[in-house]
Every structure is written in C-alpha cells, then in structure tokens.
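So the chains spell out like this:
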Amino acid sequence: PIDGSFDFFYMPRMLPGPSHLGYAFINFVTEEVACEFRSKWHNRRISRGGTSKRLNIIPADVQGFSANVTQLKKKRVDRITQPEWAPVVLRDGHRLDLRAE
C-alpha cells in the first residue's frame, strides 16, 4: 500500500508480457523503515505457480530517491504500456508518471 513508507518502487518486467524478472527496487523514506521491511520479509517464502522461493532483501547499489529516478530514466520505461506495470514514483504523496517525460 502507498502509506508514505516508500517513494519509489520498480519491478522490471519482460516486455511486452506481464512476466517480471524476479526482483524489485524500493526506496524507503528512512533507514528505519527499510530495516523493518527487511526484518519482516527477508528469507520469507513466497509461493506462486506451484513454486516456492525465499525472498532475499539486500541493499541496492543505487541509493536514494533522486539517484533511483535518474537511474530509471536511463531505462526505456516509455515502452511500458500498462499503467499497473509502471514504476511507482511518489512526490509529496502524489504518483508521478515518468513514462510521459
């Protein structure tokens, strides 16, 4: 849920279909929130389609809202046609659509 704990979420997909690549990037607004998320989800098993995998929560090489947005703009997000597959980028609680930029 969009509850103010993060301002950036991106799950890369294999376009043009709905399959994701198996990882995501989340920028939490504080280190405390990031640690809480990791404590809750790291090594938890998730099941989908008859398989079960453990989540591996690790810090990304790119850190911070601005750095993540800059990195994302280097990708071809304009090719994403389905709004639900688009990256979630929030500024002051409002979702920005980087595909339009």
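Residues numbered from 1 in each chain as written. Predicted model: local features only at pLDDT ≥ 70, side-chain atom pairs only at ≥ 80, totals over all residues. Heavy atoms only, no water.

**Concerning helix 2 (residues 65–73)**
For the record, the criterion: Note on exposure labels: buried denotes an accessible area under 20% of the residue type's maximum, exposed denotes more than 50%, and partly exposed covers the range between, all computed with a 1.4 Å probe on protein chains only. Here a helix means four or more residues in a row that DSSP labels H or I, a strand means two or more in a row labelled E, and each is numbered from the N terminus. Taken from the helix axis, the directions to the C-beta atoms give the arc we talk about. The contact criterion used throughout is that any non-hydrogen atoms of two residues lie within 4.5 Å.
Every buried residue of helix 2 is listed here: Phe-65, Asn-68, Val-69 and Leu-72. All buried residues of helix 2 lie within an arc of 100° about the axis, which places them on one face of the element. Elements that come into contact with the buried residues of helix 2 comprise strand 1 (6–10), strand 2 (25–28) and strand 5 (88–91).

**Quick notes on the side chain of Ser-5**
Rule in force here: N or O atoms closer than or at 3.5 Å make up a polar contact, with two conditions inside protein: a donor-capable atom paired with an acceptor-capable one, and, for residues adjacent in sequence, both atoms drawn from side chains.
Tracing the backbone shows Ser-5 in the segment before strand 1. We classify Ser-5 as buried; its relative accessible area is 18%. Side-chain polar atoms of Ser-5 contact the side chain of Asp-3, separated by 2.6 Å. Excluding its chain neighbours within four sequence positions, the residues that come into contact with Ser-5 are Phe-28, Val-29 and Val-33.

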